[in-house]
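Take a look at the letters that make up each chain.
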Amino acid sequence: MRVLLIQLDGKLPNIALMRIASHHRQLGDRCELRFGAQFEVGLWDEFGAVYGSAIFIKTRPLVARLFSVYPRAVVGGTGYDVRSTIESHGIKSRDLDYSLYPVFRQSIGFTQRGCRLRCPFCVVPEKEGRVRQERTVYEIWRGDPWPRELLLLDNDFFGQPRWRDRIREIRDGRFKVSFNQGINCRCLAEEAAEAIASVDYRDDSMQAKRIYTAWDSKADEAQVFAGLNRLVKHGVKPDHIMVYMLIGYWPGETHGDRDYRRQRLRDFGARPYPMPYVRTPELVGFQRWVVGAYDKRVPWSEWSASKFEPRRLGSPQRPELLPLLQ
Ligand code: SF4
């Protein structure tokens, strides 16, 4: 039987689709992976089963198009149905079929699932529930000859009781590790900060030194900066820390609220990364201003007057801004 797997969004290898592929290959089926709207290519193809995965809510229109082409498709993922599980569709395999992603060289997985906290804007508590152990580092790593590079999808690495064992495995095994979903700075104890500083933490391409965390509400300022200061105290450079900032979520939030968090993080030396909860032109423009580092040289008043477009910045009145366009 031919099986079509569709990764509707997301740039990382999709674990659910890798497990589905493993299940079907064990049955002798042939699996084919496509991305985005590529399911509309080759509509004459015949598939015995079709699966889709959508991580982001903004992908829902594409899910609707998928159902119009394959009405019996099985679709899951947090962007479509938070409660869906692949087990409920008969997929029991825990193995990951890496052959779907032939150029991907890292090893991907979870050491734990769930989260201790319940942030109101987050689907993790509903989808994953309470914290539980998942896999050890050596159960995630594919083994030689694959590089010792781990892409961890844990949402609360330090929430698991046995995190010290996992850190020891990473450190003693000389792994590079990307804590891709971020670590929670709000409850980062001294020992945990020291542990992070002791491992080779990386971005998801394993190229740059990077730790990801978040500052989602101004009310958390004291806890967030206590965590950031602990990281720096133990040797993490502020420039290694990328701080996601939820914007446009809290009722009554103003530009001043967003800008306060941005400036605090810039002053600290970290890398702010705004994440709009709703994609209004102003919030997306704020995101672009900060992620592109235009905020370091262009005042917000100038940026908003340019309608958040770098190519509108230079003008005979402000020739000093023209280099930003190059
Ligand atoms: S700490 Fe992170 S993963 Fe946990 S509930 Fe909050 S946003 Fe979600």
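Rules used in this analysis
- Residues numbered from 1 in each chain as written.
- Predicted model: local features only at pLDDT ≥ 70, side-chain atom pairs only at ≥ 80, totals over all residues.
- Domains from an automatic or database assignment.
- Contact = placed C-beta atoms within 7 Å.
- Near = placed C-beta within 6 Å.
- Nonpolar A, V, L, I, M, F, W, Y, C, P; charged D, E, K, R; others polar.
- Pairing = 2+ DSSP bridges.
- Helix = DSSP H or I, 4+ residues; strand = E, 2+ residues; numbered from the N terminus.
- Core = buried A, V, L, I, M, F, W, Y, C linked by C-beta atoms within 7 Å.
- Buried ≥ 20, exposed ≤ 12 C-beta atoms within 10 Å, placed from the backbone.
- Arc of directions from axis to C-beta.
- Axes fitted to C-alpha atoms, helices over the stretch in contact; angles between N-to-C directions.

A few points about the domain arrangement of the protein chain
Thinking step 1. Domain assignment breaks the protein chain into domain 1 (2-89) and domain 2 (105-236).
Thinking step 2. Each of domain 1 and domain 2 was reduced to a C-alpha centroid, and the two centroids are 28 Å apart.
Thinking step 3. Between domain 1 and domain 2, the contact holds 5 residues from the first and 6 residues from the second.

Overview of the site of the ligand
Thinking step 1. Around the ligand, the neighbouring residues are C115, L117, R118, C119, C122, V124, P125, N155, D156 and N184.
Thinking step 2. Split by residue class, the shell around the ligand holds 6 nonpolar, 2 polar and 2 charged.

Observations regarding the sheet that holds strand β9 (residues 176-179)
By definition, the strands of a sheet pair up through backbone hydrogen bonds, in either a parallel or an antiparallel sense.
Thinking step 1. The 4 strands are arranged β5-β8-β9-β10 in an open sheet whose pairing can be described as parallel. A single partner strand is all that each edge strand has here, and the edge strands are β5 (107-109) and β10 (200-201).
Thinking step 2. Inspection of the sheet shows strand β8 (residues 149-152) paired to β9 by 4 bridges, in the parallel sense. The residue bridging L151 from the neighbouring strand is S178, located in β9.

With respect to the nonpolar core
Within soluble globular proteins, side chains that are nonpolar generally end up buried alongside one another.
Thinking step 1. The biggest cluster of nonpolar side chains holds 45 residues, and the ones touching the most others in it are L150, V177, F179, I183, I196 and I211.
Thinking step 2. Examining the composition of this core, we find that 5 residues originate from one element, strand β12 (residues 241-247), more than from any other.
Thinking step 3. When neighbours within four sequence positions are excluded, I183 is seen to be in contact with F157, F158, L188, I196, I211 and T213.

With respect to helix α2 (residues 60-69)
Thinking step 1. Buried within α2 we find L62, V63 and L66. One side of α2 carries all its buried residues, which in axial view fall inside an arc of 105°. Summarising the geometry of α2, the exposed residues directed more than 90 degrees from the buried face are P61, A64 and S68.
Thinking step 2. In this fold, the buried residues of α2 make contact with β1 (2-7), β3 (49-53) and β4 (74-76).

With respect to helix α5 (residues 163-172)
Thinking step 1. For α5, the complete set of buried residues consists of R166, I167, E169 and I170. Seen from one end, α5 has its buried residues packed into an arc of 160°, which puts them on one side.
Thinking step 2. Close packing links the buried residues of α5 with α4 (137-140), β8, β9 and α6 (190-197).
Thinking step 3. Looking one or two residues beyond α5, the residue adopting positive phi is R174, at roughly 55°.

Some points on the pairing of β3
Thinking step 1. Along β3, 4 of the 5 residues are buried, which leaves the element largely enclosed by surrounding structure.
Thinking step 2. Two elements, β1 and β3, share 5 bridges in a ladder whose sense is parallel. Within β3, the position partnered with L5 by the bridge is Y51.
Thinking step 3. As paired elements, β3 and β4 share 3 bridges and run parallel to each other. In the sheet register, S53 faces β4, and the bridge partner there is G76.

Regarding unusual backbone geometry
Thinking step 1. Following D144, the chain continues to P145 via a peptide bond in cis, the omega torsion being 5°.
Thinking step 2. For P145, the location among the structural elements is in the loop between α4 and β8.
Thinking step 3. Positive phi outside glycine occurs at M206, with the angle close to 70°.
Thinking step 4. Relative to the assigned elements, M206 resides in the loop between β10 and β11 (211-214).
Thinking step 5. The phi torsion at A293 lies on the positive side, around 60°, for a residue other than glycine.
Thinking step 6. One can find A293 in the loop between α9 (281-291) and α10 (300-305).

Some remarks on the environment of V123
Thinking step 1. Among the secondary structure elements, V123 is positioned in the loop between β6 (112-113) and α3 (124-128).
Thinking step 2. In this structure, the C-alpha to C-alpha distance between V123 and T78, residues 45 residues apart in sequence, is 7.5 Å.
Thinking step 3. Excluding residues within four positions of it along the chain, V123 makes contact with T78 and V82.

Notes on the sheet that holds strand β13 (residues 271-276)
Thinking step 1. Read from one edge to the other, the open sheet built from 3 strands follows the order β11-β12-β13, with strand pairing classed as parallel. Edge positions in the sheet fall to β11 and β13, since each of these pairs with one other strand and no more. Within the sheet, the average angular offset between the axes of one strand and its neighbour, ignoring direction, is 25°.
Thinking step 2. Across 6 bridges, β12 lies against β13 in parallel orientation. Looking at β13, one finds that L246 is bridged to M275.
Thinking step 3. With respect to the sheet, helix α8 (residues 255-268) is in contact with β12 and β13, its orientation differing from that of β13 by roughly 155°.

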